[in-house]
Amino acid sequence: AYLIAWIVVPEAGETGEGGPRSGGVDGSMLLAVSLLALAAALGLADVFDAGVLVPILLVGAAVFLLRGRGHSDTTADGCTDAAVAPPTGALLVEEPPPASDPVAPRPPAMVTRVAASAVALLWAGAIAADRWGWIDGDVSTTLALSLVIVGLAALVGAFVGRARGLVMLGVALVLAYAASAVVEPIVEDGMGERRLAPATIEDLDPTMGLGVGRIEVDLRALELPRNTTTEVDVDLGIGSAVIWVPDDIDLALTGDVGIGELAVLDAEESGVGNELSVGSDGPGDTRLVVNLDVGIGEGVIRAG
């Protein structure tokens, strides 16, 4: 909705074809978007472990954005308002009055500058607070709060004008948030190959996961308490996941693969949005519940 309004509704001082119109993009906004891109890139490398240099740079950028000047005082044809003295000895000829008055320079886009500065200060504060142990910061939450700031600034800009730069800032934040929501959990869960074979309940991690790679979980030797229900979750971002379960107890098996192949006991699916739920009855009342979730790749649950 904001993008449509930005395209359709002219700002104050704009006219139709042939009329005055602001030109160019505020250089401070290019800096702000560059800072956000840097923050997103650092987020993939855990920006909250980047040390004190990043907060200092962000505070400096915030101050620069607030102190930055607007466009120079120019007329519609690009000349300054200052009078130009004729060359010495030149014949003064009275010029006809201009067809229209000079267009007054537009005020600087302070709403956009303040919003970008607030976003930079938010990142600086979040990183510093995480480094000092006050909060457990993460990129996705900080980006979400940044979007809230830009949204509030957009509401203000709807009344005071001069807030077109918020579109660029908002789009950059949305793209960064979408990327971090997908990539950040994968990076945090790690990459490589992992094999787990717990023998007792004490050895069992109810939630096992891997970001990228191959994970194999063997539950066949797991000693489960009699007449109880034990639940195990295995999550994988990208790669291959294989789970072995015993065949002499009650089983409730659920598999979910976003894109790829899924096999749960004798049931199989492939493609996009694969989901399978299979159950089996064994002797006694001991029950094992297994939930497998794979983003992209292969998910297998076998009994043996």
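Notes on the overall build of the chain
Link 1 in the chain: Helices and strands together make up the secondary structure of the chain, namely six helices and six strands.
Link 2 in the chain: Ordered by position from the N terminus, the helices and strands of the chain form the series α-α-α-α-α-α-β-β-β-β-β-β.
Link 3 in the chain: When burial is assessed residue by residue, the chain has 36% of its 304 residues classed as buried.
Link 4 in the chain: Pairs at least 24 apart in sequence give 71% of the contacts found in the chain among residues at least 6 apart.
Link 5 in the chain: Summed over its atoms, the accessible surface of the chain is roughly 17,600 Å², and 61% of this surface lies on carbon and sulfur atoms.

Re the confidence of the model for the chain
Regions with low pLDDT should not have their predicted coordinates read in detail.
Link 1 in the chain: Residues of the chain with pLDDT of at least 70 account for 65%, and the chain-wide mean is 74.
Link 2 in the chain: Note on residues 5–25: pLDDT under 50 across the span, and 20 contacts to partners over four residues away in sequence or across chains.
Link 3 in the chain: Contacts of residues 69–84 to residues separated by more than four positions or lying in other chains number 17 contacts, the stretch itself having pLDDT below 50.

Things to note about the packing of helix 4 (residues 110–131) against helix 5 (residues 139–160)
Link 1 in the chain: One can describe the packing of helix 4 onto helix 5 by two numbers: an axis separation of 9 Å at closest approach and a directional angle of 160°. On the basis of their axis angle, the class for helix 4 and helix 5 is roughly antiparallel. In the packing of helix 4 onto helix 5, the handedness of the crossing is right-handed. Contacts from Val111, Ala115, Ala118, Val119, Leu122, Trp123 and Ala126 in helix 4 reach Val139, Thr142, Leu143, Leu145, Ser146, Ile149, Val150, Ala153, Val156, Gly157 and Val160 in helix 5.

Overview of the packing of aromatic side chains
Link 1 in the chain: Applying the stated criterion across every chain yields a total of zero aromatic pairs.
Link 2 in the chain: Across from the ring centre of Trp244, 4.4 Å away, lies the NZ or CZ of Arg220, which sits over that ring.

Here we look at the nonpolar core
Link 1 in the chain: Core analysis: the biggest nonpolar cluster contains 27 residues, and Leu219, Ile243, Val245 and Leu288 have the highest contact counts within it.
Link 2 in the chain: Contact partners of Leu288, with chain neighbours within four places excluded, come to Leu219, Leu224, Thr230, Val232, Val245, Pro246, Ile249, Asp250, Leu251 and Ala252.
Link 3 in the chain: The next biggest cluster of nonpolar side chains, apart from the first, holds 18 residues, and it includes Ala115, Ala124, Ala154 and Ala176.

Remarks on the pattern of salt bridges
Link 1 in the chain: Within this structure, the stated rule accounts for four salt bridges.
Link 2 in the chain: Arg195 serves as the salt-bridge partner of Asp218, at 3.7 Å between the closest nitrogen and oxygen. In this pair, Asp218 sits in strand 2 (residues 207–218) while Arg195 sits in strand 1 (residues 191–196), placing the two residues 23 residues apart along the sequence.
Link 3 in the chain: In this structure Asp218 comes out as buried when scored by relative accessible area, which is 12%.
Link 4 in the chain: Classification of Arg195 as exposed rests on a relative accessible area of 54%.
Link 5 in the chain: A salt bridge links Arg214 to Glu216; its shortest N-O distance comes to 3.3 Å.
Link 6 in the chain: Of the residues examined, Arg214 reaches a relative accessible area of 33% and is grouped as partly exposed.
Link 7 in the chain: Salt bridges linked by common partners bring Arg195, Arg214, Glu216, Asp218 and Arg220 together as one network.

A word on the sheet that holds strand 3 (residues 229–245)
The pairing of strands in a sheet comes from backbone hydrogen bonds and takes either a parallel or an antiparallel form.
Link 1 in the chain: Sheet architecture is open: six strands sit in the order 1-2-3-6-4-5, paired in mixed fashion. Each edge of the open sheet carries a strand with a single partner, namely strand 1 and strand 5 (267–280). Looking at each pair of strands side by side, their axes are set apart by 10° on average, direction ignored.
Link 2 in the chain: Across 11 bridges, strand 2 lies against strand 3 in parallel orientation.

Observations regarding helix 4
Link 1 in the chain: Under the 1.5 Å per step criterion, the end-to-end length of helix 4 is 31 Å for 22 residues, consistent within 8% with the ideal 32 Å.
Link 2 in the chain: Following helix 4 by one or two positions, Gly133 has its phi on the positive side, about 80°.

Thoughts on the pairing of strand 4 (residues 250–264)
Consecutive side chains of a regular strand alternate in pointing toward one face of the sheet and then the other.
Link 1 in the chain: Where strand 4 and strand 6 (residues 287–303) come together, 14 bridges link them in parallel fashion. Residue pairing in the sheet places Val257 in a bridge with Val294 of strand 6.
Link 2 in the chain: Linkage of strand 4 to strand 5, two consecutive antiparallel strands, is achieved through a turn of two residues, within which Leu265 is found at a positive phi near 55°.

Here we look at the side chain of Ser117
Link 1 in the chain: Along the chain, Ser117 turns up in helix 4.
Link 2 in the chain: Assessed through its relative accessible area of 2%, Ser117 is described here as buried.

Focus: unusual backbone geometry
Link 1 in the chain: For Asn227, which is not glycine, the phi dihedral falls at a positive 60°.
Link 2 in the chain: Structurally, Asn227 can be placed in the loop between strand 2 and strand 3.
Link 3 in the chain: Relative accessible area serves as the criterion here: at 52%, Asn227 is assigned to the exposed category.

Brief notes about a nonpolar patch on the surface
Link 1 in the chain: Together, Ile238, Ile259, Val272 and Ile296 make up a nonpolar patch on the protein surface, roughly 360 Å² of accessible area in all.
Link 2 in the chain: Mapped onto the elements, Val272 comes out in strand 5.

Thresholds applied
Residues numbered from 1 in each chain as written. Predicted model: local features only at pLDDT ≥ 70, side-chain atom pairs only at ≥ 80, totals over all residues. Heavy atoms only, no water. Helix = DSSP H or I, 4+ residues; strand = E, 2+ residues; numbered from the N terminus. Buried < 20%, exposed > 50% of the residue type's maximum accessible area, 1.4 Å probe, protein only. Contact = heavy atoms within 4.5 Å. Areas by Shrake-Rupley, 256 points an atom, 1.4 Å probe, with all protein chains shown as cover. pLDDT = per-residue confidence, 0-100. Axes fitted to C-alpha atoms, helices over the stretch in contact; angles between N-to-C directions. Parallel < 35°, antiparallel > 145°, perpendicular 65-115°, else oblique. Left-handed = near helix turned anticlockwise from the far one by under 90°. Phe/Tyr/Trp six-rings, centres within 6.5 Å; stacked < 30°, edge-to-face > 60°. Lys NZ or Arg CZ within 6 Å of the ring centre and 35° of its normal. Core = buried A, V, L, I, M, F, W, Y, C linked by side-chain atoms within 4.5 Å. Salt bridge = Lys/Arg side-chain N within 4 Å of Asp/Glu carboxyl O. Pairing = 2+ DSSP bridges. Expected span 1.5 Å × (residues − 1). Patch = residues over 30% accessible without salt bridge, like charges linked within 9 Å, V, L, I, M, F, W, Y side chains within 5 Å.

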